[in-house]
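Summary of structural features
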Amino acid sequence: MISVKHLSKTFPDGTKALKDINVDIPDGDFIAIIGLSGAGKSTFLRCLNRLNTATEGQIMVNGQDVVALRGRGLQTYRRTVGFIFQQFNLVTRLSVIDNVLTGRLGYHPTWKGMLGLYSDKDKALAQTNIKKVGLEEKEFTRVDSLSGGQQQRVAIARAMTQEPKLILADEPMASLDPRLSDVILGLLKDYNEEKGVTVLVNIHVLELAKRYAKRVLAFNKGELVFDGPVSALDNALEEEIYSGSLEAL
């Protein structure tokens, strides 16, 4: 599904966030991305959905060159990619159902979205996904009255309502306690298995990566330094990944 070749990203201030990344990701994988803060994990995800544009290299998704997309082509592509942010990225003054329905905006003209003119099918899909994340009793509750864990579940329901082919989650458990982190990853894993949707998750807790993913990508100073099964992560390798001293393997 995803083929990344010689991907590099340098920001205007000269920061080399990604350096010659090469990786292939089959359809339906559930992959954990690990590494120190600033290692390039978030930049990698943001290049995949074009929140950041690559400086060099190629990103192919289902045979489509993502780096070359512009205008309507880029809008159509982003409709197929659900992105879950660390800080939820919700409209807090709106209700749960209204936030989840924004996942359908890419399927309608802008003016319809601005007026909230969603179809009965859209509403039914949103309600189904709200139920999947266990918030059916909060459907008409304002988001700013919800807990952090509940808000992240709203964000997941919104991503599901896009009917994506790919979900990218950028440290979605960073502000949550361990119990809620398990809930969030469990929802993403269930959706991955039920729908066959490819999921990439930046995970800051290594034990959670081991529990939910079979394959791990590890970044260090902008380089992809490990790509392999969770079973290959022994204590020595983990220490090197998180020490900031690992050379690319």
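Residues numbered from 1 in each chain as written. Predicted model: local features only at pLDDT ≥ 70, side-chain atom pairs only at ≥ 80, totals over all residues. Heavy atoms only, no water.

1. Here's the deal with the packing of helix H5 (residues 120-132) against helix H6 (residues 148-161)
Where H5 meets H6, the axes come as close as 9 Å, and the angle between the chain directions of the two elements is 140°. Considering the angle they form, H5 stands oblique to H6. Regarding H5 and H6, the two cross each other, and that crossing is right-handed. Packed against H5, whose contacting residues are Leu125, Ala126, Asn129 and Ile130, the element H6 presents Ala157, Met160 and Thr161 at the interface. Its residues assigned to classes, the contact of H5 with H6 comprises five nonpolar, two polar and no charged. (Axes fitted to C-alpha atoms, helices over the stretch in contact; angles between N-to-C directions. Helix = DSSP H or I, 4+ residues; strand = E, 2+ residues; numbered from the N terminus. Parallel < 35°, antiparallel > 145°, perpendicular 65-115°, else oblique. Left-handed = near helix turned anticlockwise from the far one by under 90°. Contact = heavy atoms within 4.5 Å. Nonpolar A, V, L, I, M, F, W, Y, C, P; charged D, E, K, R; others polar.)

2. Some points on the sheet that holds strand S9 (residues 215-220)
The six strands are arranged S6-S7-S8-S3-S9-S10 in an open sheet whose pairing can be described as mixed. This sheet does not close on itself; its edge strands, each paired only once, are strand S6 (81-84) and strand S10 (223-229). The mean inter-strand angle of the sheet, taken between neighbouring strand axes irrespective of direction, is 15°. As defined by bridge partners, strand S3 (residues 30-34) adjoins strand S8 (residues 198-202) across four bridges and the pair is classed as parallel. Bridge pairing in S8 links Ile33 to Asn202. (Pairing = 2+ DSSP bridges.)

3. Remarks on unusual backbone geometry
Positioned with a positive phi, Arg50 is a non-glycine residue whose angle comes to about 70°. Examined against the element boundaries, Arg50 turns out to sit in the loop between helix H1 (41-48) and strand S4 (56-61). For Arg50, a relative accessible area of 8% puts it in the buried group. Of note, Asn89 is a non-glycine position whose phi angle comes to about 60°, a positive value. Here Asn89 shows up in the loop between S6 and helix H3 (96-101). Looking at Asn89, the relative accessible area reads 47%, which means it is partly exposed. (Buried < 20%, exposed > 50% of the residue type's maximum accessible area, 1.4 Å probe, protein only.)

4. Points about the packing of aromatic side chains
Under the counting rule described, the total for this entry stands at two aromatic pairs. A ring pair is formed by Phe44 and Phe219, whose centres lie 5.3 Å apart and whose planes are at 40°; its orientation type is tilted. You can see Phe44 sitting in helix H1 and its partner Phe219 sitting in strand S9, a full 175 residues away along the chain. Comparing Phe44 with Phe219 shows no difference in burial state: the two are buried. Residues Phe83 and Phe85 carry aromatic rings whose centres are separated by 4.7 Å and whose planes lie at 50° to one another, so their mutual orientation is tilted. Taking NZ or CZ as reference, Arg79 lies 4.5 Å from the ring centre of Tyr107, over its face. Directly above the aromatic system of Tyr107 lies the positively charged group of Arg104, at a separation of 4.0 Å from the ring centroid. (Phe/Tyr/Trp six-rings, centres within 6.5 Å; stacked < 30°, edge-to-face > 60°. Lys NZ or Arg CZ within 6 Å of the ring centre and 35° of its normal.)

5. Describing the environment of Lys5
Take Lys5: it is sitting in strand S1 (residues 2-10). The spacing of Lys5 and Asp20 is 15 residues in sequence and 7.5 Å in space, taken between C-alpha atoms.

6. Things to note about the pairing of S10
Pairing analysis gives six bridges linking S9 to S10, with the strands arranged antiparallel. Each residue of the ladder has a partner; that of Arg215, found in S10, is Pro229. Count of turn residues in the S9/S10 antiparallel hairpin: two residues, of which Lys221 carries a positive phi of about 55°.

7. Concerning the sheet that holds S4
Each strand in a sheet pairs with its neighbour through backbone hydrogen bonds, running either in the same direction (parallel) or in the opposite one (antiparallel). Strand order in the open sheet formed by four strands is S2-S1-S4-S5, with antiparallel pairing between adjacent strands. The two strands at the open ends of the sheet, each matched to only one other strand, are strand S2 (16-25) and strand S5 (64-65). The pairing of S1 with S2 spans six bridges and is antiparallel. Counterpart to Lys9 in the pairing with S2 is Leu18. Sitting on the sheet, H1 touches S1, S2 and S4, and the angle it makes with S1 is about 120°.

8. Describing the pairing of S9
Along S9, six of the six residues are buried, which leaves the element largely enclosed by surrounding structure. Here S9 shows a buried face lined by Arg215, Leu217 and Phe219 and a second buried face lined by Val216, Ala218 and Asn220. The pairing of S3 with S9 spans four bridges and is classified as parallel. Among the inter-strand pairings, Ala32 is bridged to a residue of S9, identified as Val216.

Scope: geometric values only; no functional claims are made or implied.
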